[in-house]
Amino acid sequence: MADVRPDDFIVFSDVTKTFQTGTQSYTAIRDVTLSMKRGDITMLLGPSGCGKSTLLNMTAGLISASKGRVSYGGTEVSGLNGKVAYMTQQDHLLPWRTVAGNVSVPLEVAGLPKRQCEARVAELLALVGLKDFATSYPNQISGGMRKRCALARLLAAERETLLLDEPFGALDAQLRLTLQAELLRICRKLNLTVMFVTHDIEEAAALGDRCAVFQGRPGTIAKVFDNPLPKDRDLARLRFDPRHHAFTNELWAMLTPDLSAAPAELQASA
Ligand code: ADP
Ligand code: MG
């Protein structure tokens, strides 16, 4: 088992998860050891079905490990983890509430007085660039705006950790970059810890301070990579940075070795 570092915050120690459905049992992840530091963005990268969402569910305390231990802030996770905010793959916006009404849900649940609630919603909408759409309904805004709205609602819960399951999956490239940059800015500003699931190598290389690459069924960790770029990296400039290219290539080589050999003419001149 890997060494546990003093600044570890979320730790998976030798975790295996086997699901029991009727008489069938299915092992989704096996012997996963992974530690994450407070304030870091950790990407869980790998093909569909290798157990990435299962790891988020375990951090949230929705399901428990069959073997091994999941700890959060030094305490074993048992039962729902109230310190995390979880954004599942679907945004689950309420269609009968406006954008502002959706963002205010966690504040209302927390019992915040109406005035404070409105002020906080306005701040959050400004933070995600939606202040002109406060009175729109989810079916009147674009997919990207819906994601921003869901992100604002997530932030309204004011949890120290975000669990994000392929949050920018179906978006076009430019919008994705905009939202990634916004997320990075917000996380740094609020010093949030993030577990971010993706199957997109470019996204993992851009956003991750660390990237855990998963493989196989049951899923295991193939390797954990540290991003060579500093935490205040500018996402819009990454494509000009050779360190970023080298990092992206390492991830490609780990995930798709067959497709990742450099073309012969480049190898010859290297
Ligand atoms: P990923 O997010 O990497 O696509 P998941 O964590 O969703 O993978 O699932 C990993 C495997 O575990 C899949 O084969 C899935 O069908 C199975 N699985 C996930 N949750 C359950 C569950 N609650 N009961 C039974 N099988 C499950
Ligand atoms: Mg998943």
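Please refer to the structure higher up on the page.
Residues numbered from 1 in each chain as written. Chains lettered and ligands numbered in written order. Predicted model: local features only at pLDDT ≥ 70, side-chain atom pairs only at ≥ 80, totals over all residues. Heavy atoms only, no water.

Colleague: Kindly report on empty space enclosed by the protein, identifying the contributing residues and their values.
Modeller: Tallied over the full model, the rule gives two cavities of 30 Å³ or more. A volume near 40 Å³ is recorded for the second largest cavity. Along the walls of the second largest cavity sit Glu 166, Phe 168, Gly 169, Arg 176, Thr 198, His 199 and Glu 203, which together make up its complete lining. Per-class residue counts for the lining of the second largest cavity are one nonpolar, three polar and three charged. (1 Å grid on protein atoms, 1.4 Å probe; cavity = no way out; pocket = protein on both sides within 12 Å on 5 of 7 lines; lining within 4 Å. Points joined across faces, edges and corners; volume = space filled by probe spheres on them. Nonpolar A, V, L, I, M, F, W, Y, C, P; charged D, E, K, R; others polar.)

Colleague: Provide a residue-level description of the side chain of Asn 102, including the pertinent values.
Modeller: Inspection of the secondary structure puts Asn 102 in helix 2 (residues 99–103). Accessibility expressed as a relative area gives 0% for Asn 102, which makes it buried. In terms of polar contacts, Asn 102 uses its side chain to reach the backbone amide nitrogen of Leu 94, at 2.7 Å. (Helix = DSSP H or I, 4+ residues; strand = E, 2+ residues; numbered from the N terminus. Buried < 20%, exposed > 50% of the residue type's maximum accessible area, 1.4 Å probe, protein only. Polar contact = N/O pair within 3.5 Å; in protein donor to acceptor, adjacent residues only side chain to side chain.)

Colleague: Break down the site of ligand 1 for me, citing the residues and quoting the values.
Modeller: Phe 19, Tyr 26, Ala 28, Pro 47, Ser 48, Gly 49, Cys 50, Gly 51, Lys 52, Ser 53, Thr 54 and Arg 217 make up every residue found near ligand 1. Within the backbone of Gly 51, one N or O atom sits 3.0 Å away from an oxygen atom of ligand 1. Here Lys 52 contributes a side-chain N or O atom positioned 2.8 Å from an oxygen atom of ligand 1. Notes on ligand 1: free accessible area 570 Å², of which the protein chains cover 63%. Of all elements in the fold, only strand 2 (24–37) and helix 1 (52–59) reach the threshold of two or more residues within the shell around ligand 1. Sorting elements by how many residues they give to the shell around ligand 1 places helix 1 first, with three residues. Taken together, the residues of the shell around ligand 1 break down into five nonpolar, five polar and two charged. (Near = heavy atom within 4 Å. Areas by Shrake-Rupley, 256 points an atom, 1.4 Å probe, with all protein chains shown as cover.)

Colleague: Lay out unusual backbone geometry in plain terms, naming residues and giving numbers.
Modeller: Arg 217 connects to Pro 218 through a cis peptide bond whose omega is -5°. With respect to the helices and strands, the residue Pro 218 is situated in the loop between strand 9 (210–215) and strand 10 (220–226). Phi is positive for Asp 31, close to 50°, though the residue is something other than glycine. Within the fold, Asp 31 resides in strand 2. Owing to a relative accessible area of 40%, Asp 31 belongs among the partly exposed residues under this scheme. You will see that Glu 158, though not glycine, has its phi angle at about 50°, which is positive.

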